[in-house]
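# Remarks on the overall topology
Single-letter residue listing:
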Amino acid sequence: MADKWWKKAVVYEIYCKSFYDSDGDGIGDLQGVISKLPMLKDLGINCIWFAPIYTSPQVDNGYDVADYQNIEPAYGNLEIFKKLLDKAHAMGIRIIMDMVLNHSSDEHRWFQESRKSKDNPYRNYYIWKEPKEDGSEPNNWGNYFKEGNGSMWTFDETTGEYYFHQYSAKMPDLNWEYEPLRREVYKMLNWWIDFGVDGFRLDVISRLKKSPGFPDSTQQPDPVTDKGCFVADRRMCTDIPGIHDFLQELNEEVFGKRGCFTVGEGAGINPDNALMYIAPERKELDSVYHFDLSSRSRYTITPEHFRTVQKKWAAVIEQGGWAVQYLSNHDSARQVSCYGSDGEYRTRSAKLLGTLIHTTPGIPFIYQGEEIGMTNVYFDSIEDYDCCYTLGDYDALVKNGVSPEDALRTVAPRSRDNARTPYQWTGADNAGFTTGKPWMKLNSRYTEINLEKDRASDDSVFAYYQKLTAMRKEHVAIIDGNLQFYVESDPQLLIYTRHCEDETLLVIANYSGDKARLILPDVLKKGQWKRILSNTEDKPVMSDRDELSPWEVEVYQML
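What this report covers is the structure whose coordinates are included nearby.

This part covers the packing of aromatic side chains. Taken as a whole and assessed by the stated rule, the structure comprises 44 aromatic pairs. Plain terms: the ring middles of Trp6 and Trp322 are 6.4 Å apart, the flat faces sit at 70° to each other, and that makes the pair edge-to-face. Of the two residues, Trp6 is situated in the segment before β1 (11-14) and Trp322 in the loop between α7 (303-318) and β12 (324-325); the sequence distance between them amounts to 316 residues. Residues Trp6 and Trp322 agree in their burial class; the two are buried. Summarising the aromatic geometry, the rings of Phe111 and Tyr126 are spaced 4.9 Å apart at their centres and angled 80° between planes, so their arrangement reads as edge-to-face. Residue Phe111 is found in helix α3 (residues 109-114), and its partner Tyr126 is found in the loop between α3 and β6 (128-129); the two are separated by 15 residues along the sequence. The exposure class of Tyr126 is buried, given its relative accessible area of 1%. Here the aromatic cluster, defined as three or more aromatic residues joined through ring pairs, consists of Phe50, Tyr54, Tyr68, Phe81, Trp110, Tyr122, Tyr125, Tyr178, Trp191, Trp192 and Phe195. The ring of Trp425 carries the charged tip of Lys36 above its face, separated from the ring centre by 4.2 Å.

What follows is the structure, given as structure tokens:
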């Protein structure tokens, strides 16, 4: 039986471009990551997930891969990455790669060959279709970036056919129906495992299979965001019957026999179908990175929503599946700005959110900057934004009559660029990220919010996260305990236990910016509890008061 080390992992996502620049060119790099490994070890994480670091023209910041077996030169090279792997492993930190198997860059050698002629050996590595009789696109599917005329199809004059792309025209979809393409992918994945990586986060893995025959979508286009008749209908390419054949073959040819960790980004995966992907007997994926709790389009979370999502996924985990816990990543806005309070209660709410993720069932994923409470950014001009979704949504809104000012106010809070501004190391020039000009504009709050200042503070978010990561190693109930919520009708309180045979932990949180009346059920009052973590100072234990401060959270252990 393969080692299930990942069940006890705390994963830290690194967006290399914005993490730390070692050579002054304004772009984060692998040598910079190496220099910061001691900080990550000190934080208590034991696994790093790298957002794509492969050779790429950077149309979508690395998710457009031009060479799966090389490193983007701005980040370093394979020799430096091997050095990073070895140093991380020596420190007890594993490395998983973000693997983009749904599409490649149009600059990838496979696509360059594919477009040359209809009889090229690489032609069927991608999806090509003839135009309709009138010369128009093969169907009405719309790309998710709302790029160009909005279609998922781009005409290529060389062969007189359209190629398919769910995202940018610069990111054509791979044709998973074609076995030679699949064999090429398996060879590449095994190469990375031989190189030393410990697993993969699989980007949009539920979209490898497309609706057979590519029929027109019957969904009506959104009058504001969809362009013309092109409909961004996720039903056409998400969780389509046949996807499990691909994943089982992937497991058989690579993942299962190599014992690496896999987490699938789960568009279209929910508690009702998750076990089809992650039940151990299915032999597909180890875990799923779902969007039920947090996503790019979700700006708030209520206690009711939190309880509902956690209970459903806890039931999946109890049946042998496994899932990820997170509130922010490279694709979302900053969690403290969306789900907490980034003003007066920034540090307190940052700690509360971290507690919720680290004490509920699953694998906690920390996104860089979360551990110091980094916040959203609001740029004055659309010119300062880089995210394809942000630019596409802004363009669609303006073309439909929304003023530029209102369009910017609409897209800014949910922009992926909120999470992609450079890491704030110090309050010095460029936040200590680079000695050159940063590739992206900094968050103006870096003099107030940075690692150096946070770690020197008595109210340090980083120090609190250290306690959270240590708790995961010390308390078996966090890994194996069941989940039980109490006072479920309360609009502010989150009260739950994690219980297994050896231990019971109790979490009490006021998930609001107002004071909350503390209501404890009799069953909890009867127990004897020891407080082991709190985000407020000098507060009496729960049995000696009837009120919680705004954004207060405490963790107790039953004696």
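Applying the stated rule across the entire model yields 35 salt bridges. Residue Arg414 is joined to Asp393 by a salt bridge in which the shortest nitrogen-to-oxygen separation is 3.3 Å. Separated by 21 residues along the polypeptide, Arg414 in the loop between α11 (404-411) and α12 (451-456) and Asp393 in helix α10 (residues 388-399) bring together distant segments of the chain. Accessibility assignment for this pair places Arg414 and Asp393 in one class, buried. Salt bridges linked by common partners bring Asp60, Asp331, Arg416 and Arg420 together as one network.

Read from one edge to the other, the open sheet built from 3 strands follows the order β6-β8-β7, with strand pairing classed as antiparallel. On the outer flanks of this sheet lie β6 and β7 (153-156), each paired with one strand and no other. Of the strand pairs in this sheet, β7 and strand β8 (residues 161-164) are connected by 4 bridges, and their pairing is antiparallel. Across the sheet, the residue bridging to Phe155 is Tyr162, located in β8.

Moving on, we get to the layout of surface pockets. Estimates place the volume of the largest pocket at around 900 Å³. Lining the largest pocket are 39 residues; nearest its centre among them are Arg207, Arg234, Phe291, Arg296 and Tyr389. A breakdown of the residues in the lining of the largest pocket according to their chemical character gives 12 nonpolar, 13 polar and 14 charged. A volume near 370 Å³ is recorded for the second largest pocket. Lining the second largest pocket are 22 residues; nearest its centre among them are Lys4, Trp6, Asn251, Pro280 and Asp286. Considering each element in turn, the lining of the second largest pocket owes the most residues, 3 residues, to helix α5 (residues 243-258). Split into classes, the residues belonging to the lining of the second largest pocket amount to 10 nonpolar, 6 polar and 6 charged.

It is worth spelling out the nonpolar core at this point. Within the largest apolar cluster, 120 residues are counted, with the highest numbers of intra-cluster contacts made by Phe81, Leu101, Trp192 and Phe200. The greatest single-element share of this core, amounting to 8 residues, is contributed by helix α4 (residues 179-195). With residues near it in sequence (within four places) discarded, Phe200 still touches Ile96, Met97, Met99, Leu189, Trp192, Ile193, Phe255, Cys260, Phe261, Thr262 and Val263. Among the nonpolar cores identified, the runner-up in size contains 18 residues, and Trp141, Trp153, Phe164 and Ala232 belong to it.

In contact at an axis separation of 11 Å, helix α2 (residues 78-90) and α4 are set at 55° when each is read in the N-to-C sense. By the criterion of interaxial angle, the relationship of α2 to α4 is oblique. Residues Leu78, Phe81, Lys82 and Leu85 of α2 pack against Trp191, Trp192 and Phe195 of α4. For the contact of α2 with α4, a count of residues per class yields 6 nonpolar, no polar and 1 charged.

Below, the discussion takes up the packing of α10 against α11. Interaxial distance between α10 and α11 falls to 9 Å at its minimum, and their mutual angle equals 145°. Judged by the sense of rotation from one axis to the other, the crossing of α10 with α11 is right-handed. Along the contact surface, α10 presents Thr390, Asp393, Tyr394, Leu397 and Val398, while α11 presents Pro404, Ala407, Leu408, Thr410 and Val411. Looking at side-chain class alone, the contact of α10 with α11 contains 7 nonpolar, 2 polar and 1 charged residues.

Once that is clear, we can look at the sheet that holds β12. Taken in spatial order, the 8 strands of this open sheet run β11-β10-β9-β5-β2-β1-β13-β12, and their pairing is parallel. Of all strands in the sheet, those bounded by a partner on one side alone are β11 (287-289) and β12. Bridging between strand β10 (residues 261-265) and β11 involves 3 bridges; their strand directions are parallel. Each bridged residue has a counterpart across the sheet, and for Glu265 the counterpart in β11 is Tyr289.

Moving on, we come to unusual backbone geometry. Among all residues except glycine, the phi angle is most often negative; among peptide bonds, the trans geometry is most common. For Asp239, which is not glycine, the phi dihedral falls at a positive 55°. The residue Asp239 is located in the loop between β9 (199-203) and α5 in this model.

This paragraph deals with the environment of Arg182. Relative to the helices and strands, Arg182 resides in helix α4. Taking relative accessible area as the criterion, Arg182 reaches 11% and is therefore assigned buried. Filtering out sequence-adjacent residues up to four positions away, Arg182 remains in contact with Trp176, Glu177, Phe246 and Glu249. A distance of 2.9 Å separates a polar side-chain atom of Arg182 from the backbone oxygen of Trp176.

The next point concerns the pairing of strand β5 (residues 94-100). Most of β5 is tucked away: 6 of the 7 residues are buried. Pairing analysis gives 4 bridges linking strand β2 (residues 47-50) to β5, with the strands arranged parallel. Residue pairing in the sheet places Trp49 in a bridge with Ile96 of β5. In terms of strand pairing, β5 meets β9 through 5 bridges, oriented parallel. When the bridges of β9 are listed, Met97 appears paired with Phe200.

How each quantity is defined
- Residues numbered from 1 in each chain as written.
- Predicted model: local features only at pLDDT ≥ 70, side-chain atom pairs only at ≥ 80, totals over all residues.
- Heavy atoms only, no water.
- Phe/Tyr/Trp six-rings, centres within 6.5 Å; stacked < 30°, edge-to-face > 60°.
- Helix = DSSP H or I, 4+ residues; strand = E, 2+ residues; numbered from the N terminus.
- Buried < 20%, exposed > 50% of the residue type's maximum accessible area, 1.4 Å probe, protein only.
- Lys NZ or Arg CZ within 6 Å of the ring centre and 35° of its normal.
- Salt bridge = Lys/Arg side-chain N within 4 Å of Asp/Glu carboxyl O.
- Pairing = 2+ DSSP bridges.
- 1 Å grid on protein atoms, 1.4 Å probe; cavity = no way out; pocket = protein on both sides within 12 Å on 5 of 7 lines; lining within 4 Å.
- Points joined across faces, edges and corners; volume = space filled by probe spheres on them.
- Nonpolar A, V, L, I, M, F, W, Y, C, P; charged D, E, K, R; others polar.
- Core = buried A, V, L, I, M, F, W, Y, C linked by side-chain atoms within 4.5 Å.
- Contact = heavy atoms within 4.5 Å.
- Axes fitted to C-alpha atoms, helices over the stretch in contact; angles between N-to-C directions.
- Parallel < 35°, antiparallel > 145°, perpendicular 65-115°, else oblique.
- Left-handed = near helix turned anticlockwise from the far one by under 90°.
- Polar contact = N/O pair within 3.5 Å; in protein donor to acceptor, adjacent residues only side chain to side chain.

Honestly, it's all geometry; don't read function into it.
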